[in-house]
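Architecture and fold: a report
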Amino acid sequence: MASVLNVKESKAPERTAVVAGLPVGLFSDQLLALLVKNHFQDIKNEGGDVEDVIYPTRTKGVAYVIFKEKKVAENVIRQKKHRLARKARHAELTVSHFSDKIFSSVNAILDLSVFGKEVTLETLVKDLKKKIPSLNFSPLKPNGRISVEGSFLAVKRLKESLLVRACSLLEKDRNFTSEGRKWNRQNPQRSLQRSNNPLASVRTLVPETARSGEMLVLDTDVFLYLHHKCRSYESTLKKFCILSQEKVDGEITTICLKNIQVGSQPNNAKHVKELIEEWSHALYLKLRKETFILEGKEKKEKRMINWACEQLSSRYPEVLINFYRTHVDIIGSSSDTYLFKKGVMKLIGQKVS
């Protein structure tokens, strides 16, 4: 299986695009790689000569496309939507600049023993595999633990599905536990904030209102962008008279929605949940994060990075800038974050890596 190292060793990261959303299971790996190559060599798709397509990779549904010219790679990435040929069911692709932080790959360890008396664990795992085929499951251990690996969206779906079942067991004082590690879009500060205990109880994630309202789970970066850059979030809560309780737990933010106006439509919270899920999914496919590390740098260099980010903030109003003591996160579209990073590096006198 190919990995990010293949791209780095090719010495062509600036000519490489990361393509996500490939239809897994429809074709052989060789045929799917050929379909991807043909798509990105087509002039109609702003494409050009492709040097290589690296597929399969360590993440299901993701390929690395290496172009012969940097300009072609930039043109392809600049185009917002890409769809494969009809035979591939017009699968919608997400294309980003190559970066260690482009997309998430999550490892999780689940303790399914809490469901032991309710369902047969083997049957539960079989159902989960069928429901979320993009996840890799390890063999189920005798103690009920199992490890999974996949994209954030896939693990998010898994977690939401299990949380629904786990919440019904809270009254019996039984805990569902999970552990995750995000590889590529990891937020340095949040890593430092994690508990030393590798297993976190669902009770710490779900506010009490979850029992009488609607609950959803979002990527924290997506939530921060939605909350600070999308006016529709607050206006929709106000319009439908919804109370939102948000709890950030590392890379995951759990939101509980509840009607606060007596006599309001009982389905309002559910409707708002569906809207937020729709927005967050679209943002997850669109957003990219870059991080400027401050820890270990001289005070002057830290001030320069912060100053450069502030200088560029008005030029890129759609980019969310989060200043922390140890780093600065910039979140936005692939093109905006790339140009923003390029601008910061230019202002502080460094080359873009």
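The sections below set out a description of the structure shown in this document. Keep in mind that what you see is a predicted model, and the values were worked out from it rather than measured.

**Some words on helix α4 (residues 121-131)**
Of all the positions in α4, only Leu121, Leu124, Val125 and Leu128 are classed as buried. One face of α4 carries all of its buried residues, which in axial projection span an arc of 95°. Along α4, exposed side chains directed more than 90 degrees from the buried face belong to Glu122, Lys126 and Lys130.

**Regarding the pairing of strand β3 (residues 62-67)**
Along any regular strand the residues' side chains alternate between the sheet's two faces. Within β3, six of the six residues are buried, leaving the element largely enclosed by the surrounding structure. Every second residue of β3 is oriented toward a common face, with Val62, Tyr64 and Ile66 on one face and Ala63, Val65 and Phe67 on the other, all of them buried. Here five bridges tie strand β1 (residues 16-20) to β3, and the two strands are oriented antiparallel to one another. Bridge pairing in β3 places valine 18 opposite tyrosine 64. Relative to β3, strand β2 (residues 50-54) runs antiparallel, the two sharing four bridges. By the bridge assignment for β3, isoleucine 54 is matched with tyrosine 64.

**Observations concerning the packing of helix α7 (residues 220-229) against helix α8 (residues 231-239)**
Where α7 contacts α8, the axes come no closer than 4 Å and their chain directions differ by 75°. Comparing their axes, α8 and α7 come out roughly perpendicular. On the side of α7, the interface is formed by Phe223, Leu226, His227 and Lys229, while α8 contributes Arg231, Tyr233 and Glu234. Residues of the contact of α7 with α8, tallied by class, amount to three nonpolar, one polar and three charged.

What counts and what doesn't
- Residues numbered from 1 in each chain as written.
- Predicted model: local features only at pLDDT ≥ 70, side-chain atom pairs only at ≥ 80, totals over all residues.
- Heavy atoms only, no water.
- Buried < 20%, exposed > 50% of the residue type's maximum accessible area, 1.4 Å probe, protein only.
- Helix = DSSP H or I, 4+ residues; strand = E, 2+ residues; numbered from the N terminus.
- Arc of directions from axis to C-beta.
- Pairing = 2+ DSSP bridges.
- Axes fitted to C-alpha atoms, helices over the stretch in contact; angles between N-to-C directions.
- Parallel < 35°, antiparallel > 145°, perpendicular 65-115°, else oblique.
- Contact = heavy atoms within 4.5 Å.
- Nonpolar A, V, L, I, M, F, W, Y, C, P; charged D, E, K, R; others polar.

By themselves, these are just geometric observations and shouldn't be taken as functional.
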